[in-house]
Structure formats: structure tokens, C-alpha cells
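Chains, contacts and geometry: an overview
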Amino acid sequence: MTIMEPRKHGDASDGMIGGRQSRFEGSMKVTGAATYALEYPVKGLAHAVLVQSTIPAGRVVAVDTSRALAAPGVLLVLTPEDDLGLVAASDWYGNRPENQPYHPLPREVRFNGQTIVAVVAESREQASEAAKLIDVAYEETPSVASLDDPNAGEGKLMENLSSAWGDAESAFAAAPVQVEAEYRTPREYHVAMEPHGLTVKWDGEQLTVWEPSQWSHGMARTYSEWFGIPAENVQLISPFIGGGFGSKGAALAHSAVAAAAAKKLGRPVKLALTRPQNFTGYGGRAATRQKIALGATQDGVLQAIIHRGISETSTYVDYPEQTGAATPILYKVENFSSQHRVVPVNTVTPGALRGPGKNPSAYGIECAIEELAYKIGMDPLEIRLKNYADHDYQSGKPWSTRRLREALTEGAEAFGWSRRSHAPRSMRDGRQLIGWGIGCGTFPVIRAPSEALIRILANGHVEVVSGAIDMGQGTYTILAQTVSEVLGVPVEQIEVHLGDSRLPGSAIAGGSMLAGSITGAVHKTAMAARDELIGLALSDANSPFRETGANTLTLSEGRIAVPRSGGLSMTLRELMATLNRDHIEVRRNTLAEGSQSPEDHKKAWTTLASVQGATSGDYSMHSWCAHFAEVRVDEDFGTVRVSRMVSAFDCGRLYNPKLVESQWRGGIIMGIGQALLEEGLVDGRNGRTINNNMGDYLVPTNSDIPDIQVISVGVADPHASVLGGKGVGEVGIVGVAPAIANAVFHATGKRVRDLPITLEKLI
Ligand code: MCN
Ligand code: MOS
């Protein structure tokens with residue numbers, strides 16, 4: 001089955017799976033009708049403001065709070081002196097340290113920008129003013145600012161991220177053509193439009209948290225564990241999120257501080273991190289370095305890949321930005337070796353940022369493959385097709401579906417690749433050098449069990465209920481489309497309720513796993529609701545369908561009918577009335593039959609323990625893409641502009657091509673930022689992120705973004721998900737930066753191996 005043909009806007013079928021339905025909550029977001037976490041009108045609010053450390057490592061020796069406490073409106077000051085009475089919560093996988101206290105305002109300072117004091121006052125202004133009056137005395141200890149610090153060291157080998165087959169060293173040594181290079185990426189940040197923050201309220205032992213969340217259930221669990229209260233006592237509410245990009249999957253230290261302050265005060269508390277505080281409230285993408293050695297024959301057949309990568313981590317958690325995530329699966333190669341190390345430095349623990357691992361990994365291998373192509377005078381498109389991986393050489397498994405070849409050829413066709421002239425600096429337009437480059441990308445298909453509830457109401461409307469979230473990807477919309485297709489109810493009659501930890505369990509909106517996982521659960525639930533409805537219509541004593549002799553009924557356009565034309569037909573509302581039913585409710589999940597205990601449910605919805613990776617079954621399952629970039633480089637000034645992008649994707653079947661195209665374009669725009677603009681600058685003296693604001697940390701604006709053409713070459717993948725879709729949200733960013741770096745080389749003859757590609761590196 002091929003993907004749905006794009007439909008014209010306004011078609012009746014827009015609302016079905018594969019239709020181009022616009023996002024339901026879109027107008028609410030742009031008109032201000034959507035309520036964000038900090039906008040809930042809670043009575044009696046107090047306001048918290050944080051003070052962060054100004055040293056990279058050491059101890060808080062004393063905090064003088066006297067001036068702050070005397071300031072107008074101040075209600076409470078929390079410092080490392082205060083025992084907040086919290087207990088350490090489990091990690092992502094549900095492993096919990098035993099009886100370990102948790103100090104979100106620790107005495108020990110491990111990075112510059114760590115939260116150490118909170119000031120709570122009647123108003124935000126009063127709290128901000130008082131926070132300036134806090135005096136902290138530190139005892140500083142030696143620190144390591146970044147990977148560039150001479151004391152950074154070799155780091156620690158991550159055995160589980162190493163991979164090898166064949167004999168890479170010998171094959172490389174024997175290869176007639178060798179390419180070796182080191183590629184670097186800097187610290188990068190999420191800079192979601194909506195900053196971190198939360199509103200918290202206690203009612204006795206009941207805790208309500210309004211906080212932007214990529215995972216309502218997982219974050220609610222963390223609160224319940226910190227405070228030692230039953231999971232049912234926590235309600236985390238997050239119906240609208242102003243972007244997450246990986247930064248909003250966990251409850252963080254500042255979240256704990258706000259909740260503890262509310263408890264101590266007996267008043268609801270609102271805490272909004274300032275934009276600079278967002279840069280250290282949660283870590284961005286770690287800085288990386290990777291050395292890649294490619295051995296090949298003169299005619300461009302890969303013989304060996306040797307990959308050695310490192311990434312920064314904090315001094316207290318080993319978080320790898322896995323530079324070897326894409327390297328083993330993009331090309332056919334019989335001899336391979338990859339290792340990844342993490343180097344502890346005094347930073348907040350880095351985190352997941354759109355396409356974690358795969359993104360810097362593709363930057364390395366996709367630049368290296370073009371370096372090889374230029375070395376032997378081969379077309380970069382041809383070398384990729386020549387080394388096309390017919391199966392996954394790492395796991396040995398067949399691909400479920402892999403239309404990367406089609407992505408490369410159809411992308412090349414749309415881009416006009418055949419008109420390229422090979423030599424660097426050979427294409428120009430006046431003073432502008434023109435360059436073309438390719439970058440392939442990939443992202444694994446990850447899946448998790450999920451749950452959903454569907455209610456058919458007396459008025460014929462349908463409610464779909466899940467604790468899943470929508471941070472802009474389109475969850476609300478695709479779930480309505482899924483139900484519309486199964487129950488034959490127009491989307492206007494479907495209401496989707498999301499973003500609340502009290503609602504049925506859901507996969508995290510992370511790892512591009514939500515859409516496939518939650519449409520699977522909603523589809524299963526809708527099918528069950530359909531069976532129940534038809535069953536009732538055929539068997540209920542009050543139902544006129546009982547007499548028709550039909551053995552099944554059809555559901556479409558909000559009506560239920562016998563299949564033959566001219567037969568009995570009525571609206572769902574009429575049917576509900578004749579059945580005398582107020583509502584029909586069905587709840588289903590995608591856990592295995594034997595895993596339905598309360599413990600299984602808790603594990604499935606609140607930890608990542610049940611998540612299935614790309615090679616957990618018989619196949620190796622991934623989304624794929626090929627980006628074609630055109631850059632124009634001003635020869636005198638060294639300025640680079642991306643003037644054209646054509647990107648072709650295999651993400652399986654698309655539930656909603658309009659939203660998918662928007663996801664892809666969003667990823668590509670972030671990739672352009674990564675290639676040309678984004679760079680977290682660290683002060684080597686004190687480990688401070690210098691450009692911790694949106695004026696100095698540059699992300700693309702409209703004027704940086706060219707026309708972006710996106711093409712789908714996917715086919716439904718029945719192994720990847722119930723509806724045949726693969727992940728969409730992250731793959732778009734993967735491979736963009738190398739496509740641009742390769743285009744810059746083609747334009748200028750200059751190879752920039754450290755991102756971002758700024759003008760001083762070119763002139
Ligand atoms: N979709 C589809 N057909 C498919 C797969 C997806 O139509 N076969 C569409 C749907 O509209 C779906 C969306 O693409 O809602 C994303 O689906 P999926 O790839 O499953 O990703 P998730 O729903 O798990 O969302 C998380 C993903 C991640 S991990 C990051 S990071 C990211 C991203 O989504 N952050 C985003 N996209 C984002 N988009 C916005 N606007 N804001 C963010 O913070
Ligand atoms: Mo996405 S970085 O996995 O939230």
C-alpha cells in the first residue's frame with residue numbers, strides 16, 4: 001500500500017487518516033485562547049524566583065537571607081540549609097535508589113547556574129527584587145569548564161554504545177583510499193518559546209501541578225515519589241505546551257522546589273524560570289567530537305568505518321549524546337568499529353534535543369562520506385547509492401521498510417541534482433559561490449504501550465480521552481482523524497481530551513514514539529467501540545435494526561445503516577435515543593494480555609521500561625531521509641545563506657501529511673540553525689553559559705529560511721505501527737547540518753568541520 005495521495009484542503013475526507021486536516025488547537029494558540037501552565041487563575045498565589053550559583057564547582061558555605069527576608073512581600077526563603085523532606089525518585093526506567101534523600105537546593109555546587117536558593121513573595125516583582133539581596137558565600141573547588149578545558153580528560157567508555165563487526169582496523173589499513181577527519185558540534189539548546197515553569201497547589205495530601213509536559217504520567221510519578229504520596233494524589237495538567245523539543249519530559253529540580261515551597265507555605269505557588277535560567281534548568285544537546293576513518297576502494301566501495309566519539313556530560317550523571325547512533329546503519333560495510341565516551345565537565349547534565357545522538361552522528365558520517373566522494377572524484381549521490389545498505393549490518397536484521405534509495409533519487413530529481421558540476425567553486429551567480437550538498441538522516445521506530453478511552457455520547461458526539469500530550473506535533477488532530485475513520489463520525493463531532501496524568505496511560509511524546517503508539521491504542525479502542533455499538537444496534541430489544549436481518553452495520557458520516565442501499569439508516573444520536581443510552585464507554589490498551597495487573601499498568605505508563613527499540617523484533621525499523629541543500633556564499637564576506645532545500649522522507653504511512661510536512665520543515669529549520677547559527681558559548685574561567693538568552697543564542701528567523709520542499713516516498717510499514725506509520729517528529733533535523741556543510745564545501749572548497757559554520761571560519 002502506498003501512502004495516501006495528498007488531498008485538497010476542504011475535502012470531506014480531510015478528517016480521515018491520511019487527510020490534511022488543520023490542527024484543531026491551532027487557532028486557540030494563536031488567539032490566546034489556549035491556557036498555558038503559568039496562566040491558570042489560581043487564588044492566593046505566591047510567586048517563587050530562583051537564585052542560581054555563580055561558580056562552577058564547590059560548596060555553598062553560607063547564605064545570608066536577612067536582607068531578602070526583610071524585603072517587602074517576602075514570604076519564604078529556601079536555601080541548602082532547609083531540609084525539604086524529599087526522597088529521591090526513580091530514573092526514566094523506574095529504578096529507584098532506596099531511601100535516599102533528595103535535595104533540589106543542594107549544598108554541593110556542580111555547575112554554574114545550578115539552583116541553590118528560592119525566594120517566595122506575594123508578587124513576582126517582590127520575589128525578584130528580594131532575590132537580588134541574597135548573599136551566597138562559596139568555597140570553590142577546581143572545575144572543568146568544557147571539552148576544550150585542558151583538564152577535561154579522556155572520559156569514560158560507554159560499553160553499551162560500542163559496536164563492532166568484521167575487522168575494521170585491518171580493513172582500513174589495507175584500503176587503497178583513506179579519509180580521516182574530526183567533526184565537532186557545540187552545546188545547543190532547546191529554546192522553546194514557552195519557558196520552563198509551573199503552578200502548584202496542595203489540597204491536603206492532593207497535589208495539582210500545571211506544568212508543560214511531554215509525559216504527564218511519568219512526571220506525576222516523580223512528584224508522588226518525591227513527596228511520598230500515592231500516585232493517584234498527583235494530577236499533572238498540561239493540555240497546551242509551547243514547544244518542548246526534548247526539554248519537558250521530566251520534573252526538574254525547580255519543579256521540586258516550587259512544590260515544596262507551596263507545601264511549606266500552605267499556598268499555591270507559581271514559578272517561572274527566566275530565559276537565562278532555562279539554559280541551566282535542563283541541559284541542552286551536549287557538545288560532541290568525533291573522529292571518523294573511512295577506508296574504500298578507488299571506485300568508492302566502503303571497506304571499513306572506524307568511529308570514535310565523545311560528548312560532554314555532567315559530573316553526576318553519564319548522559320551520552322551518542323555520536324555513533326547513525327554511523328552503523330547508513331551504509332553497507334563489512335568492517336566496522338564504533339566507540340563512544342562521555343567526558344564529565346561542570347555543566348548541568350545535558351539532555352535530549354530533537355534527534356538526540358542521531359543528529360550529531362549523521363553530521364559526522366554524512367560529511368565524511370562526501371569527503372571520500374571528493375577524494376576519488378565521485379558524485380556524492382552516486383557514492384551513497386553505491387554503498388546502499390541492503391539490510392541492517394549492525395543487528396543483522398532485514399529492514400522493515402527502507403526507502404532511502406527512493407528518497408535519494410526522487411529528492412535528487414526534484415532538486416535538479418543532475419545539473420550539478422562536480423568541482424568545488426565551479427558554480428556561481430555573480431559574487432556568490434553556489435554549492436550543493438546532500439545529507440542523509442535516520443531515526444529509529446520506537447514504540448510503547450498506550451491506553452485510551454472512547455465515549456459515544458447521547459448526542460452522537462464522540463469523546464477520545466488520553467493522558468498523551470500535544471506540544472504542537474498534532475496529537476489532538478490525528479486522534480480525531482483515527483476515530484473519525486473507524487466510527488464514521490465527522491471530526492467536528494469528535495472531542496479529544498489530552499494532557500492530564502489522571503487520564504488513561506500513554507507513551508511519552510519523546511523519541512518520536514507517541515503518534516504510532518497512541519494511534520495504535522486509540523484505533524484498538526475505536527474498533528472495540530464500533531463492535532459494541534453495532535452489537536447493541538443488532539441485538540438490543542429497542543433497536544429497529546434487530547428486525548432488518550442484517551448481520552453487520554456500517555458507520556459513516558455520523559450514521560449507522562444496514563449495508564445495502566435504501567436500507568434502514570439513522571444518526572448515532574437517534575440510535576442512542578432508541579437504545580435509551582446516555583453514553584457508551586470503551587477503554588482499551590496495547591499491553592500484552594498477560595500484563596494487565598495494576599503494577600504492569602504503572603510500569604507501562606510511568607516509566608520507559610516497556611519501550612521497544614528499533615530492533616526489538618524481527619526487523620530493523622527506522623525512518624529515513626535525504627536532504628539536498630543549496631547554499632550561496634558571499635565570496636568577500638563569507639556569509640552563508642541556505643537558498644533552497646529539498647528533502648525526501650520515508651516515514652511510512654502519514655496519518656496527516658499536512659502536519660507531517662510541518663514537522664519535517666520544523667526539523668529542517670532547526671537543522672539550518674544548527675548548521676549556521678547555534679552555539680552555546682562557555683566561559684572557560686567559570687563554566688558559565690555566556691549567551692544564555694535569545695538575543696545572543698541565535699536561532700533562525702523567517703529571513704534565514706528559504707523555500708523548503710518536502711517529499712514523502714514512504715509506504716505503509718505494518719511492522720512499525722498499527723496504522724503503518726513510522727516516526728516523524730525528529731528525523732527532519734537529522735542530516736540537515738551535513739547537507740549544508742557539504743554544500744558549503746562544494747561552494748567554497750573549504751571544509752568546515754566544526755559547527756556552526758560562521759563567516760570567520762570561511763574567510
Ligand atoms: N505524524 C503523522 N504520521 C506519522 C507520524 C507522525 O501524521 N506516521 C504526525 C502527527 O501529526 C504527529 C506528529 O507527526 O502528532 C509527530 O509524531 P511522532 O513522530 O510520533 O512524534 P511524537 O508525537 O512522539 O512527538 C515528539 C517529537 C519529538 S521527540 C520532538 S523532540 C519534537 C517533535 O516531536 N518536539 C516538538 N516535534 C515537535 N513539534 C513541535 N511543534 N514542538 C515540539 O517541541
Ligand atoms: Mo524528543 S528530543 O525525543 O523529546
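Residues numbered from 1 in each chain as written. Chains lettered and ligands numbered in written order. Predicted model: local features only at pLDDT ≥ 70, side-chain atom pairs only at ≥ 80, totals over all residues. Heavy atoms only, no water.

With respect to the overall build of the chain
Regarding its fold elements, the chain presents 18 helices and 30 strands. Taken over C-alpha atoms, the radius of gyration comes to 27 Å for the chain, in line with the 27 Å a tight globule of 763 residues would show. By residue count, 61% of the 763 residues in the chain fall in the buried class. For the chain, the computed accessible surface area is about 28700 Å², with 50% contributed by carbon and sulfur atoms. The centroid of the 71 positive side-chain charges in the chain is displaced by 2 Å from the centroid of its 84 negative side-chain charges. (Helix = DSSP H or I, 4+ residues; strand = E, 2+ residues; numbered from the N terminus. Rg over C-alpha atoms; globule rule 2.2 N^0.38 Å. Buried < 20%, exposed > 50% of the residue type's maximum accessible area, 1.4 Å probe, protein only. Areas by Shrake-Rupley, 256 points an atom, 1.4 Å probe, with all protein chains shown as cover. Lys, Arg positive; Asp, Glu negative; His and termini not counted. Charge placed at Lys NZ, Arg CZ, Asp CG, Glu CD.)

Observations concerning the environment of Thr-606
Tracing the chain through its elements places Thr-606 in helix 15 (residues 598-606). On the accessibility criterion, Thr-606 (11% relative accessible area) is buried. Considering only alpha carbons, one finds Thr-606 and Ile-508, 98 residues apart in sequence, at a separation of 8.8 Å. If near-sequence neighbours (up to four positions away) are discounted, Thr-606 is found in contact with Trp-215, His-217, Gly-218 and Arg-221. (Contact = heavy atoms within 4.5 Å.)

Considerations on empty space enclosed by the protein
Left-over empty space is what a probe sized like a water molecule reveals as it rolls over the atoms. Enumeration according to the criterion identifies 7 cavities of 30 Å³ or more in this entry. Considering only enclosed or pocket space, the largest cavity measures out at about 120 Å³ in volume. Lining of the largest cavity is provided by 13 residues; of these, His-190, Val-191, Ala-192, His-196 and Asn-278 occupy positions nearest its centre. When the residues that make up the lining of the largest cavity are grouped by side-chain class, the tally is 6 nonpolar, 4 polar and 3 charged. (1 Å grid on protein atoms, 1.4 Å probe; cavity = no way out; pocket = protein on both sides within 12 Å on 5 of 7 lines; lining within 4 Å. Points joined across faces, edges and corners; volume = space filled by probe spheres on them. Nonpolar A, V, L, I, M, F, W, Y, C, P; charged D, E, K, R; others polar.)

Description of the nonpolar core
In terms of nonpolar packing, the biggest core is built from 143 residues, with Leu-294, Ile-560 and Ile-740 touching the most fellow members. Examining the composition of this core, we find that 12 residues originate from one element, helix 13 (residues 514-539), more than from any other. Once residues lying within four places of it in the same chain are set aside, the contact partners of Ile-560 are Ile-534, Ala-537, Phe-545, Leu-553, Thr-554, Leu-555, Leu-568, Ser-569, Met-570, Leu-572 and Leu-575. Residues Val-200, Met-219, Ala-258 and Ala-262 belong to the second largest nonpolar core, which totals 35 residues. (Core = buried A, V, L, I, M, F, W, Y, C linked by side-chain atoms within 4.5 Å.)

Some points on the pattern of salt bridges
Across all of its chains, the model carries 37 salt bridges by this definition. A salt bridge links Lys-156 to Asp-318; the shortest N-O distance between them is 2.3 Å. Of this pair, Lys-156 sits in strand 9 (residues 156-157) while Asp-318 sits in the loop between strand 17 (302-313) and helix 8 (327-330), placing them 162 residues apart in sequence. Arg-221 is the salt-bridge partner of Glu-225, the closest N and O atoms lying 3.8 Å from each other. One end of the pair, Glu-225, and the other, Arg-221, are both in helix 5 (residues 216-227), 4 residues apart, so they sit about a helical turn from each other. (Salt bridge = Lys/Arg side-chain N within 4 Å of Asp/Glu carboxyl O.)

Description of the confidence of the model for the chain
In this model, the chain carries a mean pLDDT of 96, and residues with pLDDT of at least 70 account for 98%. For the stretch residues 1-10, pLDDT sits under 50, and the model shows 25 contacts to residues farther than four places along the chain or on other chains. (pLDDT = per-residue confidence, 0-100.)

Here we look at the pairing of strand 18 (residues 336-344)
One ladder, built from 2 bridges, connects strand 9 with strand 18; its direction is antiparallel. When the sheet's bridge partners are listed, Leu-157 is paired in strand 18 with Arg-341. Both strand 10 (residues 163-165) and strand 18 contribute to a ladder of 3 bridges, which runs antiparallel. By the bridge assignment, Trp-165 is partnered in strand 18 with Phe-336. Sheet topology note: the strand 17/strand 18 ladder contains 9 bridges and is parallel. Residue pairing for strand 18: Thr-313 is matched across the bridge by Pro-344. (Pairing = 2+ DSSP bridges.)

Some details on helix 9 (residues 358-376)
The terminal C-alpha atoms of helix 9 lie 27 Å apart, and with 19 residues this matches the ideal 27 Å at 1.5 Å per residue to within 8%. Most of helix 9 is tucked away: 18 of the 19 residues are buried. (Expected span 1.5 Å × (residues − 1).)

As for the site of ligand 1
Around ligand 1 sit 32 residues, and of these Gly-244, Phe-245, Gln-663, Val-728 and Gly-729 come closest. Phe-245 is positioned with one of its backbone polar atoms (N or O) 2.8 Å from an oxygen atom of ligand 1. Computed on the free molecule, ligand 1 has an accessible area of 830 Å², of which 96% lies beneath the protein chains in the complex. If you list the elements that add at least two residues to the shell around ligand 1, you get helix 12 (475-487), helix 13 and helix 16 (657-676). Looking at the shell around ligand 1, the element that brings in the most residues is helix 16, giving 3 residues. Tallied by class, the residues present in the shell around ligand 1 amount to 13 nonpolar, 15 polar and 4 charged. (Near = heavy atom within 4 Å. Polar contact = N/O pair within 3.5 Å; in protein donor to acceptor, adjacent residues only side chain to side chain.)

Let's talk about the sheet that holds strand 12 (residues 197-203)
If you trace the 7 strands from one edge of the open sheet to the other, you get 3-7-1-15-12-13-14, paired in mixed fashion. The sheet is open, and its two borders are formed by strand 3 (74-78) and strand 14 (234-237), each paired with just one other strand. With direction set aside, neighbouring strand axes in the sheet form an average angle of 20°. Lying on the sheet, helix 3 (residues 124-131) is in contact with strand 1 (46-52), strand 3, strand 7 (115-121) and strand 15 (269-272); it crosses strand 1 at an angle near 25°. Here helix 5 sits on the sheet and contacts strand 12, strand 13 (206-210) and strand 14; the angle it forms with strand 14, its principal contact strand, is near 140°. (Axes fitted to C-alpha atoms, helices over the stretch in contact; angles between N-to-C directions.)

Regarding the environment of Ile-757
Considering the arrangement of structural elements, one finds Ile-757 in the loop between helix 17 (736-748) and helix 18 (759-762). For Ile-757, a relative accessible area of 3% translates into the label buried. Separated by 79 residues in sequence, Ile-757 and Glu-678 place their C-alpha atoms 9.4 Å apart. Here Ile-757 is in contact with Ala-675, Leu-676, Ala-741, Val-744, Val-752 and Leu-762, once residues within four sequence places are set aside.

A few points about the layout of surface pockets
When its volume is computed, the second largest pocket comes out at roughly 720 Å³. If you trace the second largest pocket, you find 39 residues lining it, with Glu-678, Glu-679, Pro-756, Thr-758 and Lys-761 closest to the centre. Elements that contribute at least two residues to the lining of the second largest pocket include exactly strand 11 (177-185), strand 29 (640-650) and helix 18. A class-by-class count of the residues in the lining of the second largest pocket yields 16 nonpolar, 8 polar and 15 charged.

Side note on unusual backbone geometry
Here the residue pair Leu-755 and Pro-756 is connected by a cis peptide bond, since its omega of -5° sits within 30 degrees of zero. Summarising the element assignment, Pro-756 is placed in the loop between helix 17 and helix 18. The backbone of Val-191 sits at a positive phi, close to 35°, despite the residue not being glycine. Here Arg-425, not a glycine, exhibits a phi torsion of approximately 65°, which is positive.

Focus: the packing of aromatic side chains
Geometrically, a pair of aromatic rings is defined through the distance of the ring centres and the angle of the planes. As enumerated under the stated definition, the model contains 21 aromatic pairs in all. Relative to Trp-226, the ring of Tyr-102 lies with its centre 5.4 Å away and its plane at 10°, an arrangement referred to as stacked. Highlighted residues: Tyr-102 in strand 5 (residues 101-102) and Trp-226 in helix 5, separated in sequence by 124 residues. Taking the relative accessible area as the measure of exposure, Trp-226 reaches 4% and is therefore buried. Where Phe-415 meets Trp-417, the ring centres are 6.2 Å apart and the plane angle is 45°; that geometry is what we call tilted. (Phe/Tyr/Trp six-rings, centres within 6.5 Å; stacked < 30°, edge-to-face > 60°.)

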